[in-house]
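Overview (structure and organization)
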Amino acid sequence: EIVNVNALEILDSRGNPTIRVNVELASGVRASASVPSGASTGENEALELRDGDQARYGGKGVLQAVANVKERIAPKLIGRNAGDQEGIDRLLIDLDGTPTKANLGANAILGVSMAVARAAASDQGLPLYAYLGGAAAVRLPVPMMNILNGGKHADNSVDFQEFMVMPIGAPTFAKALQYGVETFHALKKILGKQGYATSVGDEGGFAPNLKSNEEACELIIGAIQAAGYVPGVDIALALDPAASSFYENGKYHLTKSGQGVKSSSEMTALYKTWAPKYYLVSLEDGLAENDWEGFREHTAALGYYLQIVGDDIFVTNTKFIARGIEEKTTNAVLIKLNQIGTVTETIEAIKLCRQAGWNYVISHRSGETEDTFLADFAVAMGGGQIKTGSACRSERIAKYNRLLEIEAELGDKAVFQNSFAAK
Ligand code: PGA
Ligand code: ZN
């Protein structure tokens, strides 16, 4: 039984305010959860409520969201059973009453939803992954490690946002992480030798001023080899160009790298040449969120050998995912809790993917906190893939460390089997 719900304005990894919610139960259990925040956000994401008071944090304060938790949400939750996640999430959705959670703020609502789940898990003496996923929650995810950052996540000359390594040939999660981390360290050496900067972007990947987007892939392949691994066998590449961020008037503008303006089909043709050359297994947001037509062609051309992941186009919303399944827009979905705003709705989005036989990737945001909810959630949902950043910056590493802990705790029961084994 919930006896108290409280909230606090804290900071995320970019130094922007975000919300932490604390829930207390009659049993004495206390749990908290912190909400992340994106930079290359989809147009249809649930609303992140910010104060807009320019005198504080450039308008980014979240005191209103904090007040909404304390004054409007808390009184409705006191006395309720924390174990009724769905009932509580429905109550929050109804209390808000808008499709984008614009009234109370999706940040306020999600903080409560996550903290309630954590409190209930603790009350039942279960780790969060077991509480949310039951006895079936034994599969560790393959990490997509974003070791080179561009786009809106870095002030450099690279248009594409994320260049990720996926250790698909590793036997365990711990080994996979080691493969990725060693590649990250090898990349640092290579960049340094070539006179490139080794400072990092928002997700902890290097953010050098390269001559082209291609050069990023070439350097990463060199790093995989220098670390002693075989590209395409031990470690494959995954990309998230986040193409909505360079789409304007129906065209893709590769402005940061100076590589010109391209149509949807030209972008798809470009990726087609990249796929074998750069050992690609997964391509997320290769086109923009409103380019449904382009995506259909894109998936028809590439989807039989690549995982085509929709992020901005679906925003973890069953309404858009259902349309995507119907129209064969992609063949996989990126899952972000704060795009939709409750744990229950996020699980519904995942169920829809499972029914369609689509892969799903559990993802962080570029603005994160030390909260590790995501790691447990990825194991609970069992999809076998997580995107949670590079091999540095503690807000990213916290999730990896939690996954190491879960794998060790599961011991012989732990399963590490990637979704690309058959491809
Ligand atoms: P964001 O980026 O968190 O800045 O939106 C992540 C992504 O596009 O996957
Ligand atoms: Zn994305």
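Predicted model only: the values in this text are computed from it and were never measured.

Let us now look at helix α3 (residues 106-123). Taking 1.5 Å of rise per residue, 18 residues should cover 26 Å, and α3 covers 25 Å from first to last C-alpha, within 8% of that figure. For α3, a buried count of 16 out of 18 residues is recorded, marking the element as mostly surrounded by other parts of the structure. Gly-125, located one to two residues past α3, shows a positive phi value of around 70°.

You will see that Asp-285, though not glycine, has its phi angle at about 45°, which is positive. One can find Asp-285 in the loop between β10 (280-284) and α8 (292-302). Its identity is not glycine, yet Arg-393 carries a phi of approximately 75°, on the positive side. Relative to the helices and strands, Arg-393 resides in the loop between β14 (385-387) and α13 (394-410).

Attention now goes to the confidence of the model for the protein chain. Per-residue confidence for the protein chain gives a mean pLDDT of 97; residues scoring 70 or more make up 99%. Of the two predicted TM-score estimates for the complex, the pTM is 0.98 and the ipTM is 0.99.

With that settled, the discussion passes to the pairing of strand β12 (residues 332-335). Because side chains alternate across β12, one face comprises the buried residues Ala-332 and Leu-334, and the other comprises Val-333 and Ile-335, equally buried. With four bridges joining them, β12 and strand β13 (residues 359-363) adopt parallel strand pairing. Paired with Ile-335 across the strands is Ile-362, a residue of β13.

Around the zinc ion (ligand 2), the protein contributes the donor atoms Asp-240 (OD), Glu-284 (OE) and Asp-311 (OD), which lie 2.0 to 2.2 Å from the metal centre. Taken in sequence order, the residues that donate to the zinc ion (ligand 2) follow the motif D-x43-E-x26-D. Placement of the pair is Asp-240 in strand β6 (residues 236-240) and Glu-284 in strand β10, with a sequence separation of 44 residues. As far as the burial class goes, Asp-240 and Glu-284 line up, both buried.

This brings us to the site of ligand 1. Around ligand 1, 15 residues are found, and the nearest of them are Ala-39, His-153, Arg-365, Ser-366 and Lys-387. One nitrogen or oxygen atom from the main chain of Ser-40 is found 2.9 Å from an oxygen atom belonging to ligand 1. Asp-240 is positioned such that a nitrogen or oxygen atom in its side chain is 3.1 Å from an oxygen atom of ligand 1. Surface burial for ligand 1 is 100%, taken as the share of its 280 Å² of free accessible area covered by protein chains. Considering only residue class, the shell around ligand 1 consists of two nonpolar, six polar and seven charged.

Attention now goes to the pairing of β13. Counting buried residues in β13 gives four out of five residues, a clear majority hidden from the surface. Where β13 meets β14, two bridges bridge the pair, whose relative direction is parallel. Looking at β14, one finds that Ser-363 is bridged to Lys-387. One crossover worth recording links β13 to the parallel β14 by way of helix α12 (residues 373-381), and it is right-handed.

Feature annotation in UniProt assigns "binding site: Mg(2+)" (unreviewed entry) to the following positions: Asp-240, Glu-284 and Asp-311. In summary, the annotated positions, though distributed over 72 residues, converge in three dimensions, the widest C-alpha pair being only 9.2 Å. By relative accessible area, which is 0% here, Asp-240 ends up buried. Among all residues touching Asp-240, those that are not within four sequence positions of it are Phe-160, Gln-161, Glu-162, Met-164, Glu-284, Asp-285, Asp-311 and Lys-387. A distance of 2.8 Å separates a polar atom in the side chain of Asp-240 from the backbone nitrogen of Ala-242.

We now examine the pattern of salt bridges. Counting across every chain of the model gives 24 salt bridges. With its nearest N and O atoms 2.9 Å apart, the salt bridge here joins Lys-399 to Glu-368. Taken together, the residues span a long stretch of sequence, with Lys-399 in helix α13 and Glu-368 in the loop between β13 and α12 at a distance of 31 residues. Each member of the pair, Lys-399 as well as Glu-368, is classed as buried. A cluster of three or more residues bridged by salt bridges with shared partners is formed by Glu-162, Asp-240, Glu-284 and Lys-387.

So, how was this worked out
Residues numbered from 1 in each chain as written. Chains lettered and ligands numbered in written order. Predicted model: local features only at pLDDT ≥ 70, side-chain atom pairs only at ≥ 80, totals over all residues. Heavy atoms only, no water. Helix = DSSP H or I, 4+ residues; strand = E, 2+ residues; numbered from the N terminus. Expected span 1.5 Å × (residues − 1). Buried < 20%, exposed > 50% of the residue type's maximum accessible area, 1.4 Å probe, protein only. pLDDT = per-residue confidence, 0-100. Pairing = 2+ DSSP bridges. Donors = N, O, S within 2.8 Å, 3.2 Å for Na, K, Ca; no water. Near = heavy atom within 4 Å. Polar contact = N/O pair within 3.5 Å; in protein donor to acceptor, adjacent residues only side chain to side chain. Areas by Shrake-Rupley, 256 points an atom, 1.4 Å probe, with all protein chains shown as cover. Nonpolar A, V, L, I, M, F, W, Y, C, P; charged D, E, K, R; others polar. Right-handed = clockwise from strand over helix to strand, strands pointing away. UniProt positions renumbered as here; feature names shortened; annotations may be inferred. Contact = heavy atoms within 4.5 Å. Salt bridge = Lys/Arg side-chain N within 4 Å of Asp/Glu carboxyl O.

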